[in-house]
Amino acid sequence: MADEIKVEQAGVSIAGQTLLSPVSFSLAQGRTLAVVGANGSGKTTLLRVLAGTMRASRGTVRLAGKEPDEREPAFRARVAAQIGMPALARNLTLREYLVLVGASWGSDVDAARRRADALLEEFGIARLAHRFPHELSSGQTRMYVLALTFARPSSVLLVDEPEQRLDPDRLVLVGDALVARQAQGMTIVLASHSTSLVERVAHEVLTLIEGDAGAAG
Amino acid sequence: MRPADRLQVLRRAYAQRADLRGLGEHAYAVYLALLLGPLVGYPVLRAAVLALSEPAVLAVLGSSGAATGAGVVFGLLLAAALWFGGLYGPVTLEPALVPLWAGTDIPRSRSLARTFVGRGLVMAGLVTSAAALPTVVLVHTRAASVGAGVSFVLMSAGFGAIAAIAWLAGQAGERRFVWLVGAGISGLAVLTGVVPSLLALTPWGWVGAAWPTADTPGVPARALLLAAAVAVACSTAPRLLDSLTVMRLGEDAEKWHATSVAVVSGDIAHAMGRLRARPSSGRTWRAVRDFERSMRFLVADAVGGMRTPVRFSVGLLTLACAGLLLAVAPAAQAGWVLAGIGSGLGYLSLGVFSDGFRHATEAAVSPALYGYSDATLFALHFTLPVVASAVALVAGLVAAQAVGGAGSGLAVALTFGLAVVVRAYDAAKGPLPAILLTSIPSPFGDLSSLNVVIWQADALLIAATAGAAIAALVHSGAETTAIVATVMLGALLLAGLRHRLARL
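Asker: Any chance you could explain the overall build of chain A here in plain terms?
Answerer: If you tally the helices and strands in chain A, you get seven helices and nine strands. Over its C-alpha trace chain A gives a radius of gyration of 17 Å, about what one expects of a compact globule, namely 17 Å for 217 residues. In terms of principal-axis extent, the alpha carbons of chain A reach across some 45 × 35 × 35 Å. Residue burial in chain A is summarised as follows: out of 217 residues, 48% are buried.

Take a look at the structure:
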């Protein structure tokens, strides 16, 4: 199967500081790569490079044959990323914002509503549908942010440490959601410290070591 | 140890903290006040007195409706004090002081009394000063007697005490209840303006009746009634202080600490974000409807805005007032001053309808969530502020006709249109450039803070200046020039917005 993502000796340095040591890997369409490593090893930086919000200062990065650039509409349509906290609509309920985001990708509002309800159910937050974002706990916010990222269509999914602030039951739900996307043929890059999540969903594992080249295995 | 002694010990211990201002810092503050007082305070005060001494203004101050107007203003002030308490209460402490002052077995009516009395006196002082300003002008121009002036100012001070209690009640009360009571009071205040005979039944009516030029009979009786109302209000203060929860005190302390840090570091947008009211009502209203996308965003933004009803209503009302000022400005003498104020007010109140711009900026710096480009998302969020401006324009023109002014729709439309663009431009401002913090030594101290203030207020300054210029151009008949200049400035600002978004 064709490589969806191909990274060759890509690294990031800013003002002499290395944020990501050179790393190489390739990932075929529909496969899942788990990026693991200690804090500060460059996992989030690698995801940012793949999401096109940061440029590699060395090496090459190709996603569907092109350099990642979030300014490109076609790239934005292809890649969904959950890196840090996305923009939340403070005056809209969880369900309403999911519908608004879903509808922005071309589906009609009724379809977006059905999709929003399904996502709220999938992430175990259906009973929170009519809450405002500030009324959520940190774990609930985490689940909602993941639901938001999944509310938009994409063929490549980038997720940064989805296990943060989640209890074991919620983590199982996140694993279920990722497995479901795998079954749909989605290519996934997941940065994680959760051994159980990595073992459950990853086809391949890339270990980043601060100051050293990453190794895929 | 008695509670009073324990509090004394706590105060002494706190007064010896390491980060306490030293003598040098206090001396510098006094030095700055002595320098800035004559340089800034006096001219502003003098300008205000001169403006109030204009024959047209004096005619309004001395008119038969002035007492009613003053009464309504006092009524609205009471509602505002209550609402303000919901946002920033008089008993807002340093976070570290909350467990010390409110976490022990000492009744909060004792431990928090000093803090409340201090802030309450500030509130009462501000109300008294605001009342004293027109009074001084009226007495000075012999439109009112000294006795009438003193009587009005004293009654205003009494009302200031009631407002201070309302401020505390706003902090102590359950938020939804506070908003509702505030809405009820403001509605009643407006009603008393429409039916002035009702003023005799309200505390604000009693103060209004003492307006220096009103010559209303029965002012001493009203003063007695007001004194009784002040006594009743003050008697509730201990109970209100005791009802303050440690949770609320902690929340307020943390919020204001974070806000003050953000302001000091120049991040006003973040600070305002922390203060912005959170939605609490209307969660079952349908905000996202199956409409064409610009209409969908208009409805979503409008319903989202109405979920903070007080903020939304105050924003709309202020925008309409700005519309009135802008409408009458071109025909008024020195109308550019009115237009500058109206434009500034318009810009500030449009903030209520511009949450979408802030959201679009946040979305622009995050990985793509919407299926729209950043520019399209910004454009979709233009709809609500434009529609709100149109509503305020019509309201302003109608009000201008009602007060007998010849309204200029063109000046209002141009100013509001530009203010909306300025709002979008300001939403993508980004962090304070570090170079602005470079020290600028002067006899007044380090003037780098002036740079920071100008940087923070640039959008407001642009809006106010442009509004004044538009009014001046329309007044002089150069309407085409006004249109061309506004369009050019708007285009420049949109280019600036694009540049800012690219840099974020």
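After that view, the rundown keeps rolling.
Asker: When you look at the overall build of chain B in this model, what are you seeing that I'm missing?
Answerer: Regarding its fold elements, chain B presents 24 helices and zero strands. Taking 23 Å as the expected radius of gyration for a compact globule of 504 residues, we find that chain B reaches 25 Å, a close match to that expectation. Along the three orthogonal principal directions, the C-alpha set of chain B runs to about 65 × 60 × 55 Å. Each of the 504 residues in chain B was classed as buried or not, and the buried ones make up 40%. Put simply, of all contacts in chain B between residues at least 6 apart along the chain, 78% involve residues at least 24 apart.

Asker: Would you mind going over unusual backbone geometry with me for this structure?
Answerer: If a residue is not glycine, its phi is most likely negative; likewise, a peptide bond is most likely trans. Backbone geometry at Glu161(A) places phi at a positive 45°, although glycine is not the residue there. The residue Glu161(A) is located in the loop between strand S6 (156-160) and helix H6 (168-183) in this model. Residue Arg142(B) is not a glycine yet carries a positive backbone phi of 60°. For Arg142(B), the position within the fold is in the loop between helix H7 (113-140) and helix H8 (146-172).

Asker: What should I look at first to understand the pairing of strand S1 (residues 3-14) of chain A in this one?
Answerer: On a regular strand, one side chain projects to one face of the sheet and the next to the other, so that they alternate. Residues and elements named next belong to chain A. Here S1 pairs with strand S2 (residues 17-28) via eight bridges, running antiparallel. When the bridges of S2 are listed, Val 12 appears paired with Leu 20. The turn linking S1 back onto S2 is made up of two residues, and Ala 15 within it adopts a positive phi angle of 50°. As paired elements, S1 and strand S4 (residues 58-63) share five bridges and run antiparallel to each other.

Asker: When you look at the interface of chain A and chain B in this model, what are you seeing that I'm missing?
Answerer: For interface size, the figure often reported is the accessible area lost on association. The interface is formed by 29 residues belonging to chain A together with 24 residues belonging to chain B. Elements that contribute at least two residues to the side of chain A that touches chain B include exactly helix H2 (73-78), helix H3 (94-103) and helix H4 (109-122) of chain A. For the side of chain A that touches chain B, the per-class residue count stands at 15 nonpolar, seven polar and seven charged.

Asker: Would you mind showing me how to read helix H11 (residues 219-235) of chain B here?
Answerer: Count 3.6 residues to each turn of an α-helix, and residues three or four apart come out pointing the same way. Residues and elements named next belong to chain B. Taking 1.5 Å of rise per residue, the 17 residues of H11 would be expected to cover 24 Å, and the 24 Å separating its terminal C-alpha atoms lies within 8% of that figure. When we look at burial in H11, the residues that qualify are Val 219, Arg 222, Leu 226 and Ala 233. Relative to the axis of H11, the buried residues are bounded by an arc of 55° and lie together on one face. Exposed residues on H11 whose side chains face more than 90 degrees from its buried face are Pro 220, Ala 221, Leu 224, Ala 228, Ala 231, Val 232 and Ser 235. Contacts from the buried residues of H11 go to H8 and helix H10 (203-209).

Asker: Help me understand the sheet that holds S4(A) in this model?
Answerer: To summarise the sheet geometry, strands pair through backbone hydrogen bonds and adopt either a parallel or an antiparallel arrangement. All names here are of chain A. Read from one edge of the open sheet, three strands run S2-S1-S4, paired in antiparallel fashion. Each of the sheet's edge strands pairs with one partner strand only, and the pair in question is S2 and S4. Between one strand axis and the next, the sheet turns through 20° on average, direction left out of account.

Asker: Please clarify how the packing of helix H20 (residues 383-402) of chain B against helix H21 (residues 409-427) of chain B should be interpreted in this entry.
Answerer: Residues and elements named next belong to chain B. At their nearest, the axes of H20 and H21 sit 10 Å apart, and the two run at 155° to each other. For the element pair H20 / H21, the angle class is roughly antiparallel. Here the hand of the crossing between H20 and H21 comes out right-handed. Of H21, the residues touching H20 (which contributes Pro 385, Val 386, Ser 389, Ala 392, Leu 393, Gly 396 and Leu 397) are Gly 409, Val 412, Ala 413, Phe 416, Val 420 and Arg 423.

Asker: Explain the packing of H21(B) against helix H23 (residues 458-475) of chain B to me, please; I cannot follow it from the model alone.
Answerer: If you want to describe how two helices pack, look at the angle between their axes and the distance between the axes. Residues and elements named next belong to chain B. Relative to each other, H21 and H23 sit at 160°, their axes nearing to 10 Å. The orientation of H21 relative to H23 falls into the category roughly antiparallel. Read as a crossing pair, H21 and H23 show a hand that is right-handed. Here H21 contributes Leu 410, Ala 411, Leu 414, Thr 415, Leu 418, Ala 419, Val 422, Tyr 425 and Asp 426 to the contact with H23, which in turn contributes Ala 459, Ile 462, Ala 463, Ala 466, Gly 467, Ile 470, Ala 471 and Val 474. Along the lines of polarity and charge, the residues of the contact of H21 with H23 split into 14 nonpolar, two polar and one charged.

Asker: Looking at this model, I keep getting lost on the environment of Trp256(B). Mind explaining?
Answerer: All names here are of chain B. Along the chain, Trp 256 falls in helix H13 (residues 246-264). Residue classification places Trp 256 among the partly exposed positions, given that 19 C-beta atoms sit within 10 Å. Sequence separation of Trp 256 and Leu 240 is 16 residues, and the distance between their C-alpha atoms is 21 Å. Those residues within four positions of Trp 256 in sequence are excluded, and the remaining contacts are Tyr 88 and Thr 92.

Asker: When you look at the domain arrangement of chain B in this model, what are you seeing that I'm missing?
Answerer: Along its sequence, chain B is carved into domain 1 (24-53), domain 2 (54-252) and domain 3 (291-503). If you average the C-alpha positions of domain 1 of chain B and of domain 3 of chain B, the two centres end up 30 Å apart.

Asker: Explanation requested: H4(A) in the structure shown.
Answerer: Residues and elements named next belong to chain A. Along its 14 residues, H4 runs 19 Å from first to last C-alpha, staying within 8% of the 20 Å computed at 1.5 Å per residue. The complete set of buried residues in H4 reads Ala 112, Arg 115, Ala 116, Leu 119 and Leu 120. Along the long axis of H4, the arc covered by the buried residues comes to 135°, so they all point the same way. Buried positions along H4 lie against H3 and helix H5 (138-150).

Rules behind the numbers
Residues numbered from 1 in each chain as written. Chains lettered and ligands numbered in written order. Predicted model: local features only at pLDDT ≥ 70, side-chain atom pairs only at ≥ 80, totals over all residues. Helix = DSSP H or I, 4+ residues; strand = E, 2+ residues; numbered from the N terminus. Rg over C-alpha atoms; globule rule 2.2 N^0.38 Å. Buried ≥ 20, exposed ≤ 12 C-beta atoms within 10 Å, placed from the backbone. Contact = placed C-beta atoms within 7 Å. Pairing = 2+ DSSP bridges. Nonpolar A, V, L, I, M, F, W, Y, C, P; charged D, E, K, R; others polar. Expected span 1.5 Å × (residues − 1). Arc of directions from axis to C-beta. Axes fitted to C-alpha atoms, helices over the stretch in contact; angles between N-to-C directions. Parallel < 35°, antiparallel > 145°, perpendicular 65-115°, else oblique. Left-handed = near helix turned anticlockwise from the far one by under 90°. Domains from an automatic or database assignment.

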